Amino acid sequence: MSLLCPECGKRPATLHYTKIVNGEKTEAHLCEVCAQEKGEYMPGFDNGFSFHNLLSGLLNFDMVSSESPNIAQQKTMPRCATCGLTYNQFSKIGRFGCSDCFETFRDRLDPLLRRIHGSTAHQGKIPERTKGELKIRRDLEKLREQLARSVESEEFEEAAQLRDQIRSLQEQLSE
Amino acid sequence: MSLNHFLENAMSEWMRVKGADSDVIFSSRVRIARNLAHIPFPMLSTASQSEEVIHLIEEALTKDDIPEILENAELIQMADLTDLQKRVLVEKHLISPHLAEESTSGAVLFSQDESVSIMVNEEDHIRIQCLFPGFQLEKAWKLASQIDDWLEKHVSFAFDEQCGYLTSCPTNVGTGIRASVMIHLPALALTQQLNRFIPAITQVGLAVRGIYGEGSEALGNLYQVSNQVTLGQSEEEIINKLQGVVRQMIDHEKQARERLLGMSPIQLEDRVTRSFGILAHARIIDSKEAMKRLSDVRLGIDLDLLTGVPSSVMNELMVLIQPGFLQQYAGEKLGAEERDIRRAELIRERLGMERD
């Protein structure tokens, strides 16, 4: 019979350790989740003790544990408002909870996607529905670059034409 | 006879030997992962949200513009199947082990010829799989894409300009495509050239693994070669790259076969006929040995060293001798030893059928 975690009283306590603070020894037994939440973290402590760690280790993006997080960091950990997944949980499970996670964790995704795919930008198929709008936006991007170049090289006639084109595309988008 | 009847029902289109380069490539598969916008991925969705996903797919199936290949297709709920039935579907490569074992609200639909299967509430809401015999990656991709286009008219997919199609696992993000071939490499294995090949293939972003067997072991010299990267390249680029590398593997395998035949014809013939003899007469055989012998026999057929045995024997038997199939055929649960006896019996019967 395994010991239940005294924090939540639900999950089995899988972490057992002895803390020595100012010469005072205390023993602690916690489950993985509560230990994370309490910010109980020790270097080398969470290496390879759970299946999910192993998985994220395989995927090679367990950035959280290598950064040695502290309590303050744990609290500022982004959490997806839609499905409740935290970045910490994502990095352990290696799965997103919903499509909004991508927006929530966007700042942290680039290095991860680059490591897996060597790229961060989709080049493939686009759903028919999004296609029209997306094409306009990509065209706009290109036109703006051209505009900047023509202004720089003082080709004002061309710049004026480009400005008109940009304006008409912007109108299409706002329709 | 019962076996004949069973074979008819048990055979999927992809197990037949046809299509280009079918002497080396057994099958080509493309699967694409899609998720519905505004519903959490299956891992975190509630029971009612999972039902909603199934409901949306069922509704799409009632539309008039349904692709011809999916007409009359019905969603089968995983909960309505026995463990054995699920196992048989996994062994036929029609559903994933994940859908069979882990999904609580999973469902699947097949086209009549079983070349298309759409898994619902697997790791992602929707996984469209197209599986064809031989080297037909492009055809598989076109069909998968066509089904994707149709579905997209009726449901709204989770898509992001930057990341592409959003998937539960970051390794599928972007195109959501996994294209693969099942390739038979007996001559490269015999001449021990595979160790040289596999690292090179991994370096260009493709993965090679044994289809049957665990770890580095590849039973029956059967390998799966697939793309790893799904983001930053178009589907066509991904398919082309895989095709290019596989084309080279086919050429090297064929060269190795010719060389083997030229250098040691009698040894090769002995290996082939000896294996055939064992398959045709053994009373007890485990799956490891059966796969090894089947691989030899198939190589013999492809090199005209054996006649009167159709080349589809290996493609069929490698599926039929799996534990799930053996038990379904027997109509009862079987222990490992009983399975070895049944397996030998089934192989003898199948090979005997051709001689009559």
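Preceding block: the structure.
Criteria and thresholds
- Residues numbered from 1 in each chain as written.
- Chains lettered and ligands numbered in written order.
- Predicted model: local features only at pLDDT ≥ 70, side-chain atom pairs only at ≥ 80, totals over all residues.
- Heavy atoms only, no water.
- Salt bridge = Lys/Arg side-chain N within 4 Å of Asp/Glu carboxyl O.
- Helix = DSSP H or I, 4+ residues; strand = E, 2+ residues; numbered from the N terminus.
- Pairing = 2+ DSSP bridges.
- Contact = heavy atoms within 4.5 Å.
- Axes fitted to C-alpha atoms, helices over the stretch in contact; angles between N-to-C directions.
- Parallel < 35°, antiparallel > 145°, perpendicular 65-115°, else oblique.
- Left-handed = near helix turned anticlockwise from the far one by under 90°.
- Nonpolar A, V, L, I, M, F, W, Y, C, P; charged D, E, K, R; others polar.
- Buried area = accessible area lost by both parts, 1.4 Å probe.
- Polar contact = N/O pair within 3.5 Å; in protein donor to acceptor, adjacent residues only side chain to side chain.

Remarks on the pattern of salt bridges
- All told, the structure shown has 26 salt bridges over all chains when counted by the stated rule.
- Between Glu-253 of chain B and Arg-257 of chain B there is a salt bridge, with its nearest N and O atoms 2.6 Å apart. Of the two residues, Glu-253 of chain B and Arg-257 of chain B both sit in helix H8 (residues 235-263), 4 residues apart, roughly one turn of that helix.
- For Asp-270 of chain B, the salt bridge identified is with Arg-274 of chain B, shortest N-O distance 3.2 Å. You can see Asp-270 of chain B and its partner Arg-274 of chain B sitting in helix H9 (residues 265-281), 4 residues apart, about one turn around the helix.
- Where salt bridges share partners, they join Arg-95 of chain A together with Glu-122, Glu-123, Asp-124 and Arg-127 of chain B into one cluster.

A closer look at the sheet that holds strand S2 (residues 76-77) of chain B
All names here are of chain B.
- Pairing is antiparallel in the open sheet, where 8 strands are placed in the order S2-S3-S4-S5-S1-S8-S10-S9. Edge positions in the open sheet fall to S2 and strand S9 (206-210), since each of these has one partner strand only.
- Inspection of the sheet shows strand S1 (residues 25-34) paired to strand S8 (residues 177-184) by 7 bridges, in the antiparallel sense. Looking at S8, one finds that Arg-31 is bridged to Arg-178.
- Helix H5 (residues 137-154) contacts S1, strand S4 (116-120), strand S5 (126-133) and S8 of the sheet and is inclined by roughly 150° relative to S5.

Describing the packing of H9 of chain B against helix H10 (residues 287-302) of chain B
Residues and elements named next belong to chain B.
- Put simply, H9 and H10 touch, their axes get as near as 8 Å, and they point 130° apart. One element, H9, and the other, H10, form an angle in the oblique class. Note that H9 runs across H10; the crossing there is left-handed. Along the contact surface, H9 presents Leu-268, Arg-271, Val-272, Ser-275, Phe-276, Ile-278 and Leu-279, while H10 presents Glu-289, Ala-290, Arg-293, Leu-294, Asp-296, Val-297, Leu-299 and Gly-300.
- Classifying every residue of the contact of H9 with H10 gives 9 nonpolar, 2 polar and 4 charged.

Quick word on the interface of chain B and chain A
- Each partner contributes to the interface: chain B provides 41 residues, whereas chain A provides 34 residues.
- Around 3000 Å² of area is buried between chain B and chain A when both sides are counted, 61% of it from carbon and sulfur atoms.
- Linking chain B to chain A there are 5 salt bridges.
- Between Arg-95 of chain A and Glu-123 of chain B there is a salt bridge, with its nearest N and O atoms 3.2 Å apart.
- Run the count over chain B and chain A and you get 16 residue pairs in polar contact (both at pLDDT 80 or more).
- Of all the elements in the fold, those that place two or more residues in the side of chain B that touches chain A are H5, strand S6 (159-160) and strand S7 (164-165) of chain B.
- Looking at the side of chain B that touches chain A, its residues break down into 16 nonpolar, 16 polar and 9 charged.

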